[in-house]
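Spelled out from the first residue to the last, the chains are:
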Amino acid sequence: MAAKRGTKTSMKNMEKELLCPVCQEMYKQPLVLPCTHNVCQSCAREVLGQQGYIGHGGDPSSEPTSPASTPSTRSPRLSRRTLPKPDRLDRLLKSGFGTYPGRKRGALHPQVIMFPCPACQGDVELGERGLAGLFRNLTLERVVERYRQSVSVGGAILCQLCKPPPLEATKGCTECRATFCNECFKLFHPWGTQKAQHEPTLPTLSFRPKGLMCPDHKEEVTHYCKTCQRLVCQLCRVRRTHSGHKITPVLSAYQALKDKLTKSLTYILGNQDTVQTQICELEEAVRHTEVSGQQAKEEVSQLVRGLGAVLEEKRASLLQAIEECQQERLARLSAQIREHRSLLDGSGLVGYAQEVLKETDQPCFVQAAKQLHNRIARATEALQTFRPAASSSFRHCQLDVGREMKLLTELNFLRAPEAPVIDTQRTFAYDQIFLCWRLPPHSPPAWHYTVEFRRTDVPAQPGPARWQRREEVRGTSALLENPDTGSVYVLRVRGCNKAGYGEYSEDVHLHTPPAPVLHFFLDGRWGASRERLAISKDQRAVRSVPGLPLLLAADRLLTGCHLSVDVVLGDVAVTQGRSYWACAVDPASYLVKVGVGLESKLQESFQGAPDVISPRYDPDSGHDSGAEDATVEASPPFAFLTIGMGKILLGSGASSNTGLTGRDGPTAGCTVPLPPRLGICLDYERGRVSFLDAVSFRGLLECPLDCSGPVCPAFCFIGGGAVQLQEPVGTKPERKVTIGGFAKLD
């Protein structure tokens, strides 16, 4: 009883999964769209009709006509469907849909039907046949029917053939696609007829075909195309549309999908405590969001009020300054008005002067008129040169608030830095990992960055991927020390400022070298001709200049070509373990050999390095003799990769039989493009050397090497060329030199 109650509760809780996104009602004959979402067949027809597509709402199940298919039993949506306007139909016809005079049927490409999926809000392509090319979701129909029965949705099912009032249905017929009462079922399935063999079912409102049929060929589907992710029938398999596709029996697909779904569902059901914990975390996040949002509103309101207070204070001070200026000007103008009024006849100064002129006592007149004359003179001058004592304009009190208005208009919340862009040209892994990035042009600045990295070649552990972090990285580059050799690291970075952390950059994958990096410098003391080889001051680059001898050799090309081999070695010899180093070869180099060799054999070659003589005129070159066949095959003392004119020469024995003399056996060699950097990996114990593409770490060549003594890196030049050793990322260690039988620390 408890189990049945739990099942009924779970059925009630999944109602939202059974609602059509168009009509928001339970699915009726749902169709599976190419985007894997479902929609009622009648709703899909209605949507296509609203989009202007006519004649593409075919029934994908090709259901036979039932005795109950009367106008009263049809879907009410069909009566509500809005037909497209005539002008829209005209546009559709002119755009290539349908036929019209002057256009041959099939002359243009058939129109592709686009359906706006209401679930994912995107347009999905239905193909030429529209809804007729879609499968019905019979499983979903069964789930809906079980749900209706569990919650008793819709009440009793009535007989579709009874006269009003209809009786309650007791049987259903899949072949007739109708529900019947007992009497009607006997009436429409008389004995001795074909219909009498129809098997009755429980009454239902949704009749489904017995099996899932192919919408193209009306045959039962038997296989599943993994390439198209679509069920197919036997005829679909032989069509060209599925040629070369990976097709499996539907039983295999059923079992695989069922196992995956069961495993995922078992994991979810077994982690209900985790789900409940995450729900609690989300609810706490909701509460925290509400509180934080209210606090943010209060902070913004307080800041805006602060801005308003500052503006109000500034407004008061500016108005006070204008008021003071206005009062000063009014006082000056009022004084000037009083002075001019005193000049009127019979008033003020003029009247007083007229009375003084009546004085007849000369000494007294002179005493009184002297001061009066000065005042009259000033008044006369003011009258002649009249101008207001103060300006009435207040243009100097105007405000320029353009910059402030722009700042207020642009006032917005702080933005976190945008996702940084990894500089792939400067990011690489060598002895250490160097990561470089930059912010997009219009990104807010970042105070510091967080770099995260992890290995991708380790066994995955349950739960989310665990990243290692470098916090508060200043600048736009970071150095990750001591990475594991022969591993793949994925790195990402994000910026942080007052607004918080921004988005992560795109992940960048870096492959570390397969062995510890060997640090060494170029040593020009052995075998290097100073006339033709130029070693840089940091001893990490060398350039070969052909000079006059090569020009003279080219002049003797038809009689005998004598070219000198210029060799430069590394100042470190390897006596154990595995080592790796990388270099870049100038693509314009004529002929360069990059590799390793025994220290003793290299010294012997330096003491008397023979010329590379054209084998056409050298009878001892080995090209024509069979002397080598009598010798016991042993590991060669040298292993070189030949590069010339931007190509790498590869072939059977191309490096295993290569020495400083260049006398190689005949090989059916091939060439590959020269990568930006070459990597050399030496395994001393195994006596093997590998040449790699130092960018992608793709293997180019692997060959044996005699490691009976110290082995040195070596570079050979024939003609012009240049080699640049890759700079180590970390601090340069002490250099230990072993060439010449002694050790020295620089």
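Residues numbered from 1 in each chain as written. Predicted model: local features only at pLDDT ≥ 70, side-chain atom pairs only at ≥ 80, totals over all residues. Heavy atoms only, no water.

Novice: I'm lost on the environment of Cys-236 in this one. Help?
Specialist: Looking at the element boundaries, Cys-236 is found in helix 7 (residues 234–238). Those residues in contact with Cys-236, other than ones at most four positions away along the chain, are Cys-214, His-217 and His-242. (Helix = DSSP H or I, 4+ residues; strand = E, 2+ residues; numbered from the N terminus. Contact = heavy atoms within 4.5 Å.)

Novice: In this structure, what is going on with the pairing of strand 36 (residues 721–725)? I would like to understand it.
Specialist: The side chains of a regular strand alternate, residue by residue, between the two faces of the sheet. Of all 5 residues making up strand 36, 4 are buried, and the element is well covered by its neighbours. Sheet analysis places strand 23 (residues 541–544) next to strand 36, joined by 4 bridges and oriented antiparallel. Within strand 36, the residue paired with Arg-543 across the bridge is Ala-722. One ladder, built from 3 bridges, connects strand 26 (residues 578–585) with strand 36; its direction is antiparallel. Note on strand 36: the bridge partner recorded for Cys-583 is Leu-725. (Buried < 20%, exposed > 50% of the residue type's maximum accessible area, 1.4 Å probe, protein only. Pairing = 2+ DSSP bridges.)

Novice: Where do I start with the confidence of the model for the chain in this structure?
Specialist: Detailed reading of the predicted coordinates is not advisable wherever pLDDT falls low. Per-residue confidence for the chain averages 77 on the pLDDT scale, and 75% of its residues sit at or above 70. Scored below 50 in pLDDT, residues 61–66 makes 10 contacts in the model with residues more than four places away or belonging to other chains. Under a pLDDT of 50 for its full length, residues 68–86 has, in the predicted model, 20 contacts with residues more than four places off or in other chains. (pLDDT = per-residue confidence, 0-100.)

Novice: Would you explain the sheet that holds strand 32 (residues 678–683) in this entry?
Specialist: By definition, the strands of a sheet pair up through backbone hydrogen bonds, in either a parallel or an antiparallel sense. One open sheet holds the 7 strands; their spatial order is 22-23-36-26-32-33-34, and the pairing between them is antiparallel. Whereas interior strands pair on both sides, the edge strands pair on one side only; in this sheet they are strand 22 (533–535) and strand 34 (699–704). Each adjacent strand pair in this sheet contributes to an overall mean axis angle of 20°, direction not counted. Where strand 33 (residues 688–693) meets strand 34, 5 bridges bridge the pair, whose relative direction is antiparallel. Bridge pairing in strand 34 links Ser-690 to Glu-702. (Axes fitted to C-alpha atoms, helices over the stretch in contact; angles between N-to-C directions.)

Novice: What am I meant to see in the packing of helix 10 (residues 348–356) against helix 11 (residues 362–384) here?
Specialist: Two packed helices can be described by the angle between their axes and the distance between those axes. Relative to each other, helix 10 and helix 11 sit at 150°, their axes nearing to 11 Å. It follows from the interaxial angle that helix 10 and helix 11 lie roughly antiparallel. When the axes of helix 10 and helix 11 are compared, the crossing they make is left-handed. Mapping the contact onto sequence places Leu-349, Tyr-352, Ala-353 and Val-356 in helix 10 and Phe-365, Ala-369, Leu-372, Arg-375, Ile-376 and Ala-379 in helix 11. Across the contact of helix 10 with helix 11, the residue classes tally to 9 nonpolar, no polar and 1 charged. (Parallel < 35°, antiparallel > 145°, perpendicular 65-115°, else oblique. Left-handed = near helix turned anticlockwise from the far one by under 90°. Nonpolar A, V, L, I, M, F, W, Y, C, P; charged D, E, K, R; others polar.)

Novice: Sorry if this is basic, but what is going on with unusual backbone geometry here?
Specialist: Positive phi, close to 55°, is recorded for Gln-24, a residue that is not glycine. A positive phi angle, near 60°, is found at Phe-697, a position not held by glycine. Structurally, Phe-697 is set in the loop between strand 33 and strand 34.

Novice: I would appreciate a short explanation of the state of the cysteines in the present structure.
Specialist: For the structure shown, the criterion picks out 0 disulfides. This cysteine, Cys-325, is not joined by any disulfide, and Cys-397 carries the nearest cysteine sulfur, 5.2 Å off. (Disulfide = S-S within 2.5 Å.)

Novice: Would you explain the sheet that holds strand 30 (residues 647–650) in this entry?
Specialist: The 7 strands are arranged 21-25-35-27-29-30-31 in an open sheet whose pairing can be described as antiparallel. Whereas interior strands pair on both sides, the edge strands pair on one side only; in this sheet they are strand 21 (522–523) and strand 31 (670–673). Bridge count for strand 29 (residues 638–644) against strand 30 is 3 bridges, and the pairing is antiparallel. Directly across from Gly-644, in strand 30, lies its bridge partner Lys-647.

Novice: Looking at this structure, how should I read the packing of aromatic side chains?
Specialist: Aromatic ring pairs are described here by two measures, namely the spacing of the ring centres and the angle between the planes. For the coordinates displayed, the defined rule picks out 8 aromatic pairs. When the centroid spacing of 6.2 Å and the interplanar angle of 45° are considered together, the rings of Phe-428 and Phe-434 count as tilted. Residues Phe-520 and Trp-581 carry aromatic rings whose centres are separated by 5.8 Å and whose planes lie at 90° to one another, so their mutual orientation is edge-to-face. Here the residue Phe-520 occupies a position in the loop between strand 20 (508–511) and strand 21, and Trp-581 occupies one in strand 26, the gap between them amounting to 61 residues. On the basis of relative accessible area, Phe-520 is assigned to the buried category, the value being 3%. (Phe/Tyr/Trp six-rings, centres within 6.5 Å; stacked < 30°, edge-to-face > 60°.)

Novice: Mind showing me how you'd approach helix 10 here?
Specialist: Working note: α-helix, 3.6 residues per turn, so residues spaced by three or four point in the same direction. Every buried residue of helix 10 is accounted for by Leu-349, Val-350, Gly-351, Ala-353 and Val-356. The elements touched by buried residues of helix 10 are helix 11.

Novice: Looking at this structure, I do not really get a nonpolar patch on the surface. What am I missing?
Specialist: A cluster of nonpolar side chains, namely Leu-307, Leu-399, Val-401, Met-405, Leu-408 and Leu-411, defines an oily patch on the protein surface of about 560 Å² accessible area. You can see Leu-408 is positioned in helix 12 (residues 402–409). (Patch = residues over 30% accessible without salt bridge, like charges linked within 9 Å, V, L, I, M, F, W, Y side chains within 5 Å. Areas by Shrake-Rupley, 256 points an atom, 1.4 Å probe, with all protein chains shown as cover. Salt bridge = Lys/Arg side-chain N within 4 Å of Asp/Glu carboxyl O.)

Novice: Got a minute to help me understand the pairing of strand 30 in this structure?
Specialist: The alternating pattern of strand 30 places Ile-648 and Leu-650 on a buried face and Lys-647 and Leu-649 on a face that is not buried. Pairing of strand 30 with strand 31, which is carried by 4 bridges, proceeds in the antiparallel orientation. Residue pairing in the sheet places Ile-648 in a bridge with Val-672 of strand 31.

Novice: Can you walk me through the pattern of salt bridges in this structure?
Specialist: It is possible for side chains of opposite charge to pair when their charged atoms get near one another. As enumerated under the stated definition, the model contains 13 salt bridges in all. Across the pair Arg-403 and Glu-404 runs a salt bridge, and its minimum N-O distance is 3.2 Å. For Arg-403, a relative accessible area of 57% corresponds to the exposed category. Across the salt bridge formed by Asp-586 and Arg-543, the nearest N and O atoms sit 4.0 Å from each other. With Asp-586 in the loop between strand 26 and strand 27 (592–598) and Arg-543 in strand 23, the pair connects residues that are 43 residues apart, well separated along the chain. The class of Asp-586 is partly exposed, set by a relative accessible area of 26%. Several salt bridges converge on common partners, so that one network encompasses Arg-578, Asp-683, Arg-686, Arg-688 and Glu-702.

Novice: What is the right way to read the nonpolar core from this model?
Specialist: Note that soluble globular proteins tend to have their nonpolar side chains buried in a common cluster. Residues Tyr-580, Ile-648, Leu-678 and Phe-715 are the most contacted members of the largest nonpolar core, which totals 48 residues. Counting residues per element, this core draws most heavily on strand 26, at 5 residues. The contacts of Leu-678, once residues within four sequence positions are left out, are Trp-581, Ala-582, Cys-583, Val-585, Leu-641, Ile-643, Ile-648, Leu-692, Ala-694 and Leu-700. Listed in part, the 25 residues of the second largest apolar core include Leu-18, Phe-115, Cys-117 and Leu-131. (Core = buried A, V, L, I, M, F, W, Y, C linked by side-chain atoms within 4.5 Å.)

Novice: Before we go on, may I ask you to explain the environment of Pro-516 in this structure?
Specialist: Within the fold, Pro-516 resides in the loop between strand 20 and strand 21. Classification of Pro-516 as partly exposed rests on a relative accessible area of 48%. Through-space distance from the C-alpha of Pro-516 to that of Tyr-430 is 9.0 Å; in sequence the pair is 86 residues apart. Setting aside chain neighbours within four positions, we find Pro-516 in contact with Thr-485, Arg-578, Ser-579 and Tyr-580.

Novice: Could you clarify how one ought to interpret the side chain of Ser-505 in this entry?
Specialist: Mapping Ser-505 onto the fold places it in the loop between strand 19 (500–501) and strand 20. Exposure remark for Ser-505: the relative accessible area of 5% places this residue in the buried category. Filtering out sequence-adjacent residues up to four positions away, Ser-505 remains in contact with Ala-419, Pro-420, Ile-422, Arg-492 and Val-493.

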